[in-house]
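# Coordinate analysis (summary)
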2 protein chains.
Amino acid sequence: MTLTPSWVKALEPSGPQGHELLKQERARSNIPVEKLSEFLFTKEAINRKHRVLQVLRSEKVFDKSQNYFAGRIDRFETALARAKKLRQLKVEHNWSLEDFHTAGDLISEPGPYGLHESMFLITLREQGTPEQHELFFKKADNYEIIGCYAQTELGHGSNVRGLETTATWNAEDKTFTIHSPYLTASKWWIGSLGRTANYAVVMAQLIIDDKSYGPHPFVVQIRDLKSHEPLENIHIGDIGPKFGYNTMDNGFLLFNKVKVPHVNMLARFSRVDPSTNKYVRPSSPSLVYGTLTFVRSTIVFQSGSVLARGVTIAIRYCAIRRQFQDRDVQEWERGENQVLNYTMVQIRLLPLLAATFALHFTGRSMMQLYQMNQKKMNRRGSQAGPTQRGAGPEETHSGSELLADLHATSCGLKSLASSVAAEGLEMCRRACGGHGYSSFSGIGPWYSDYLPTTTWEGDNYMLTQQVARYLLKSARSVLKGETPNNDTTVILSDFLSRVDMGAAFDIIGKDEDLVAAFAWRTAYLTFEALRHRDKDKKAWNDLLVDFYRLSKAHSQYLVVKNFYEALHSTPTTHELDHDTLEVMQKLFRLYALHTLEQESSEFYTSGATTVRQIILARTNAVMKLLKEIRPHAVRLVDAWDFPDWQLDSSLGRSDGKVYEDLFFRASELNPLNAITVDPYPDNDVLFKKDMTQRLKSKL
Amino acid sequence: MTLTPSWVKALEPSGPQGHELLKQERARSNIPVEKLSEFLFTKEAINRKHRVLQVLRSEKVFDKSQNYFAGRIDRFETALARAKKLRQLKVEHNWSLEDFHTAGDLISEPGPYGLHESMFLITLREQGTPEQHELFFKKADNYEIIGCYAQTELGHGSNVRGLETTATWNAEDKTFTIHSPYLTASKWWIGSLGRTANYAVVMAQLIIDDKSYGPHPFVVQIRDLKSHEPLENIHIGDIGPKFGYNTMDNGFLLFNKVKVPHVNMLARFSRVDPSTNKYVRPSSPSLVYGTLTFVRSTIVFQSGSVLARGVTIAIRYCAIRRQFQDRDVQEWERGENQVLNYTMVQIRLLPLLAATFALHFTGRSMMQLYQMNQKKMNRRGSQAGPTQRGAGPEETHSGSELLADLHATSCGLKSLASSVAAEGLEMCRRACGGHGYSSFSGIGPWYSDYLPTTTWEGDNYMLTQQVARYLLKSARSVLKGETPNNDTTVILSDFLSRVDMGAAFDIIGKDEDLVAAFAWRTAYLTFEALRHRDKDKKAWNDLLVDFYRLSKAHSQYLVVKNFYEALHSTPTTHELDHDTLEVMQKLFRLYALHTLEQESSEFYTSGATTVRQIILARTNAVMKLLKEIRPHAVRLVDAWDFPDWQLDSSLGRSDGKVYEDLFFRASELNPLNAITVDPYPDNDVLFKKDMTQRLKSKL
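Cut-offs used in this document
- Residues numbered from 1 in each chain as written.
- Chains lettered and ligands numbered in written order.
- Predicted model: local features only at pLDDT ≥ 70, side-chain atom pairs only at ≥ 80, totals over all residues.
- Heavy atoms only, no water.
- Helix = DSSP H or I, 4+ residues; strand = E, 2+ residues; numbered from the N terminus.
- Rg over C-alpha atoms; globule rule 2.2 N^0.38 Å.
- Buried < 20%, exposed > 50% of the residue type's maximum accessible area, 1.4 Å probe, protein only.
- Contact = heavy atoms within 4.5 Å.
- Areas by Shrake-Rupley, 256 points an atom, 1.4 Å probe, with all protein chains shown as cover.
- Lys, Arg positive; Asp, Glu negative; His and termini not counted.
- Charge placed at Lys NZ, Arg CZ, Asp CG, Glu CD.
- Least-squares fit on C-alpha atoms with pLDDT ≥ 70 in both.
- Expected span 1.5 Å × (residues − 1).
- Salt bridge = Lys/Arg side-chain N within 4 Å of Asp/Glu carboxyl O.
- UniProt positions renumbered as here; feature names shortened; annotations may be inferred.
- Pairing = 2+ DSSP bridges.
- Phe/Tyr/Trp six-rings, centres within 6.5 Å; stacked < 30°, edge-to-face > 60°.
- Lys NZ or Arg CZ within 6 Å of the ring centre and 35° of its normal.
- Polar contact = N/O pair within 3.5 Å; in protein donor to acceptor, adjacent residues only side chain to side chain.
- Axes fitted to C-alpha atoms, helices over the stretch in contact; angles between N-to-C directions.
- Parallel < 35°, antiparallel > 145°, perpendicular 65-115°, else oblique.
- Nonpolar A, V, L, I, M, F, W, Y, C, P; charged D, E, K, R; others polar.
- Left-handed = near helix turned anticlockwise from the far one by under 90°.

### Overview of the overall build of chain A
A count of helices and strands for chain A gives 23 helices and 13 strands. Scaling as 2.2 N^0.38, a compact globule of 699 residues should have a C-alpha radius of gyration of about 27 Å, and chain A matches this with 28 Å. Its C-alpha atoms put chain A at 90 × 80 × 55 Å along the principal axes. In chain A, buried positions account for 64% of the 699 residues. Here the contacts in chain A between residues at least 6 apart in sequence split such that 75% fall between residues at least 24 apart. Split by element, the accessible area of chain A, about 26100 Å² in all, is 51% carbon and sulfur. Of the charged side chains in chain A, 84 are positive and 81 negative; the average position of the first set lies 1 Å away from that of the second.

### Examining the relation of the copies chain A and chain B
Between the two copies, chain A and chain B, the superposition gives an RMSD of 0.0 Å; the rotation angle is 180° and the shift along the axis is 0.0 Å. With respect to symmetry, the two chain copies, as superposed, fit the operation of a two-fold axis. A high fraction, 100%, of the interface residues of chain A reappear at the interface in chain B, so the copies pair face to face through one surface.

### Some points on helix H10 (residues 343-379) of chain B
Helix length check: H10 of chain B (37 residues) gives 53 Å between terminal C-alpha atoms against 54 Å at 1.5 Å per residue, within 8%. The buried fraction of H10 of chain B amounts to 26 of the 37 residues, a majority that puts the element mostly inside the structure.

### With respect to the pattern of salt bridges
All names here are of chain B. Applying the stated criterion across every chain yields a total of 86 salt bridges over all chains. For the salt bridge of Asp99 with Arg48, the shortest nitrogen-to-oxygen distance reads 3.4 Å. On the criterion of sequence distance, the pair formed by Asp99 in helix H6 (residues 97-107) and Arg48 in helix H4 (residues 43-57) is long-range, its members being 51 residues apart. For Arg48, a relative accessible area of 10% puts it in the buried group. Among the salt bridges present, the one from Glu528 reaches Arg531, with a minimum N-O distance of 2.9 Å. With Glu528 and Arg531 both in helix H15 (residues 511-535), this residue pair falls three residues apart, about one helical turn.

### Here's the deal with the UniProt feature "domain: Acyl-coenzyme A oxidase N-terminal" (unreviewed entry) in chain A
Residues annotated in UniProt with the feature "domain: Acyl-coenzyme A oxidase N-terminal" (unreviewed entry) correspond here to residues 33-146 of chain A. Taken end to end, residues 33-146 of chain A is 73% helix and 0% strand, and its two terminal C-alpha atoms sit 42 Å from one another.

### Looking at the pairing of strand E7 (residues 234-238) of chain A
Residues and elements named next belong to chain A. Buried residues dominate E7, accounting for five of its five residues. Burial along E7 is two-sided: the face carrying Ile234, Ile236 and Asp238 and the face carrying His235 and Gly237 are both buried. As defined by bridge partners, E7 adjoins strand E8 (residues 251-255) across five bridges and the pair is classed as antiparallel. Looking at the pairing, Ile234 lines up with Phe255 of E8.

### Overview of the packing of aromatic side chains
Counted under the stated rule, the structure contains 58 aromatic pairs over all chains. Between the aromatic rings of Phe563 of chain A and Phe588 of chain A, the centroid separation amounts to 5.7 Å while the plane-to-plane angle is 90°, which identifies the pairing as edge-to-face. Of this pair, Phe563 of chain A sits in helix H16 (residues 544-567) while Phe588 of chain A sits in helix H18 (residues 578-598); the two residues are 25 residues apart in sequence, bridging distant segments of the chain. Among the residues examined, Phe563 of chain A registers a relative accessible area of 0% and is labelled buried. A residue is classified by how much of its surface remains accessible, and Phe588 of chain A, at 1% relative accessible area, is buried. Taken together, the ring pairs connect Trp189, Phe243, Tyr437 and Tyr447 of chain A together with Trp189, Phe243, Tyr437 and Tyr447 of chain B into an aromatic cluster. Over the ring of Tyr461 of chain A we find Arg348 of chain B, and its NZ or CZ is 3.5 Å from the ring centre. Sitting above the plane of the Phe39 of chain B ring, Arg364 of chain B keeps its charged end 5.7 Å from the centroid.

### Description of the UniProt feature "binding site: FAD" (unreviewed entry) in chain A
Residues and elements named next belong to chain A. UniProt feature "binding site: FAD" (unreviewed entry): in the numbering of this structure it lies at Thr152 and Gly191. Of the residues just listed, which span 40 residues, no C-alpha pair is farther apart than 10.4 Å, and they cluster in one region. Note on placement: Thr152 falls in the loop between strand E1 (147-150) and strand E2 (166-170). Discounting residues that sit within four places of it in the chain, Thr152 has contacts with Gly157, Ser186, Lys187, Trp188, Trp189 and Ile190. Among the structural elements, Gly191 can be located in the loop between strand E4 (187-190) and strand E5 (199-208).

### Description of the interface of chain A and chain B
Across the contact, 159 residues belong to chain A and 159 residues belong to chain B. Where chain A touches chain B, the interface holds twelve salt bridges. Two residues, Lys627 of chain A and Asp542 of chain B, come together in a salt bridge whose shortest N-O distance is 3.2 Å. The tally of links from chain A across to chain B stands at 70 residue pairs in polar contact (both at pLDDT 80 or more).

### Comments concerning the packing of H10 of chain B against helix H20 (residues 611-629) of chain B
Residues and elements named next belong to chain B. Direction vectors running N to C along H10 and H20 enclose 85°, while the axes themselves pass 10 Å from each other. Relative to H20, the element H10 lies roughly perpendicular. Taken together, the residues of H20 that come into contact with H10 (itself represented by Thr343, Gln346, Ile347, Leu350 and Pro351) are Val622, Met623, Leu626 and Ile629. Here the residues of the contact of H10 with H20 are counted per class, giving seven nonpolar, two polar and no charged.

### With respect to the pairing of E5 of chain A
Residues and elements named next belong to chain A. Burial within E5 is extensive, with ten of its ten residues counted as buried. Sheet topology note: the E2/E5 ladder contains three bridges and is parallel. Paired with Thr168 across the bridge in E5 is Ile207. Once E5 ends, the chain turns through two residues before running back antiparallel as strand E6 (residues 211-221), passing Asp209 with a positive phi of about 55°.

### Quick word on the packing of helix H11 (residues 401-431) of chain A against helix H13 (residues 463-479) of chain A
All names here are of chain A. At a closest axis distance of 8 Å, the pairing of H11 and H13 adopts a crossing angle of 140°. Our classification of the angle between H11 and H13 gives oblique. Along this stretch, H11 crosses H13, giving a crossing that reads as left-handed. Within the contact between the two elements, H11 uses Ala404, Asp405, His407, Ala408, Cys411, Gly412, Lys414 and Ser415 and H13 uses Leu463, Thr464, Gln466, Val467 and Tyr470.

### Structural notes on the sheet that holds strand E4 (residues 187-190) of chain B
Spatial ordering of the open sheet is given by E4-E8-E7 (chain B), a layout of three strands whose pairing is antiparallel. Sheet topology places E4 and strand E7 (234-238) of chain B at the edges, where each strand pairs with a single neighbour. Here the strands of the sheet are splayed against their neighbours by 15° on average, with no regard to which way each runs. In this fold helix H23 (residues 658-669) of chain A packs onto E4, E7 and strand E8 (251-255) of chain B, with an angle of close to 100° to the strand it touches most, E8 of chain B.

Laid out in structure tokens, this is it:
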């Protein structure tokens, strides 16, 4: 590193200092930050966060100061060290699962045990028999074996039915032969597989007597438990660098006719009877995609907080960054304007701030819906748990209306929420101007790691077909005159009953009308799509774009509705003071009106609003809301309560020392500054000096 | 690395092979690829590309196989080696500037000489006196000194007037003192500065007798020419890792009262008279932002090709990737469907394919406009060249109408074109599904390196104010009854003359009406904005969002118009065969109608179209165009003629060996596979084996 000279150390940023500006911001609003945090997350969760943070900060391995500088191998090495330490701390401090997850959130990077601790353990537990629990789950839970979940292949992602890896039943010796017949059968993208795992749950086409029974889960040992070398006829490796997620060893895996015993097929739901050599079907096929619904609900739940990190950073920095004067202010003495005062910055950031809360409340109610459903299913005495991650409903026979609703809701919201979060993060990064491009902004790396969420657990475009399918089905039942039995069928039949009278919603004056306008648009698009499909007999493929729009419309309706309901339910009106509630209602309006204006063509094509209303919403209502919310922006992001340690961002520091921190990281932490180059092209010597100690990692 | 076993090497991808699928694609269209390439780029440019490529491929240092794996320092080291070699090759082969730039395009990574070879040399040449040419330019041109262009500071980017670095004139010894009074005065983001440059052109506030004369350029030596250590009272370093652009050493720079002689202030336009100690004003202030206009025009010109890389990769891969069957096709035997056949994929990729051509033709005409203007200025006998990069027109008095038009056009198109290219690349990446996330897709790294283009040379949001200002001014002149003298005033007065009759454009039936609808919308938004500003006296800040929309509308009109005109000019109708021209016209319609539909609310608010027309455009016209263009997709991207070496993408290979290449890179090139971990949490040993040779770089 270069040594920072003392005359540099004596320098301060010019003008009002960052901490002064943030102080001013905080003084302009009376939102009770702590109370709002507790309302959003509960006091218990906040205390847990700060308790766990204490522990992490005291361990050197979790020091983040080299995160943004290190190359792939060093980052992976550090991530592995952290994963090990985290497990040790869990045992040492007797952490609950919640404590453990909180630690993961604070560390904020994927780790090599990631898939062991999630899908591997879950699958063994949910899909294993008691015998298999004894054999595999216990060891895994105890980290005697380390596993991963091997489903996706080089040639097949979304389409699980198309997997090429085979598991052929050998009647003679009661074993299965796991085999990769093609290069495209190679397992690919499998988290924790590349370098870490020695076991895998492998999804493979079960074949008995030359007949295929579709994908089933098999437990396969893949590496030697001592040498950690791949076993014979197994080829494994890391798949290489990615746009993000580089602390994780996503891997590939190929089998050359590897035999595993009968007990290695996870047999809770379906199995091969070794005496008859026959396939035994799952008793309750309708219950097999609970896990996926759970995972998607979790994505919806997390999306608000994922986005809020970027919004926190951008809003704080835009309150500190000053650039140009207001054109209509003539006196130069007034100094430069805070960037957050420009309406072009507000229109990008404040609707996203509103979205963080909209998604938070939606996620909370999505989780409640999931839990309610689980309870109902348990009451019905079903013993079956979730299975077969990735299997869409096309592959299963839906046995339950309620589950169908939950499934569609989770698909649509997962698609919408993760897209809003990902695109919002990039919007936040750009709103930070040039410095947003620096890794020290903390947004870019976070965005890059989050991006796969838009693809996994159902590609965000693909998923919209599921939603459309469900809505078309609901519309058919309404048209048949069946009594509406859930929110979807209610809004569809409401629409039918009013369609001849027209909508006439007062979207600017009444919040409930705003929600109704979103419902109306969904219903309109549903019946339009139904007409195309059932009456005009359009090909499914020709309707995919319409289905995408429909799903988006429906999910936006759900978000708006959930936000509205959250603000009108008793806990909220009880726990929040009047002023905070008022700001929240403004955020609701901003989110809804801004979304409506972005999608305006569907609103007036459907007759939900008039053209005039949209113009008023854009030019008056939204602009007015921006002005009213602006003073509360910093306190509102403060309420998300991200510790600086978690954000790891120069721009988002809660104390406003933006420029000091950018400078410190560049001047004091940057290893590139430990090299001195020879700059002349005729000289083949590149580095005159290299003090980077690239020899070894420091762990 | 792991050794790939022979049984793995024997494996092939399943189903129809990639090369077969691409062959089929190419057989389905009769577009003459080579001829189209020549039409787009000229035969000369294509020959040059392939000649230069030959040279690069034969040099080991340009081998790309470790690009995606290497960490920051290794990448920088390689980039420096490449920059040196490139300079050596230029001398050795007596390359023209075009050859040299072609080599840079093929290598496709920013290099440490980047700013030396562009802004440093240009500024010395354009703003130096003959004496300064002798003193600085000659040495720089000869690489005896290596420079950079130091304008942006930690606290100031867009607002050049706000720069804090000072250059104070010392009358007693006829020197300037360069000083950084605050931490925020630190130069920041300066390309080639961090490790490479030993000279800088420093933009600093000129101060004479306590009076500030605004930012001016000073040549300052910053490192010792032998030891390459920073000179006394100068603190320099690399600013750290970024979202992309990591082969470049963007740097920081602080001065502690460093003296430079009088001759170091670049004095072609303005200077300090050393005898009177007075400031001498530039003779022709109206000509000072030519360089910026040129740089922006270049960005517009490159945007089509930037985007085309992603489109090429995504379209080829989506022709090879097969997933699911068409739902309406019942026979499983027909196999899985090419992803490119799904309308949801087509609607994402084909309008982007159309955009590559739209931007290409627009960029070409933008460059022509620039050159025409240069010629006119030269004819007028002006000797003045461009100066002061970054200075917006706010700071200067516009002396020329033509320049104002050129300036506004370049601002608006730079903003639109680079946003379309950046967002389009990300769209392409996601259209590749999971594999798009792998660095081997080649899109992610390219996108990350391109992103700063949306911020530099005028932030894409900020720039829209310049366009709006120009349009408002034009509208005022039209309202005053002045005779229209350029396209902008023509469309504004056309609008006024027809506004009471209404538009009635046949956007689906007539291409010229489609263009007219875009003009109409621009004119409508211009007069709306004018009304808000001049009549309603709205604050400038309250209109920024409207201005942004207005600028976007105007620039979209320009792109549509340029695309239309390119297809109706003589060279095109002459050089392209009938079938190709027809496909091009379909691409024009797709681009225009898809854009129109995306922005539909402005089209019917303005009365340019009816709601019914938009619905027809979306549901009929666009969907039909997708079907018609689909068979030509692969040949159309082939015409962009990117060598595989340049794309460096597994997914975009012209021979379709997508899966083989992904696998090869992961299994044979990935250094992470040279480590063997210890996977157990209780064991603090992380790596049992480390064969990565992280000890030294290989150059």
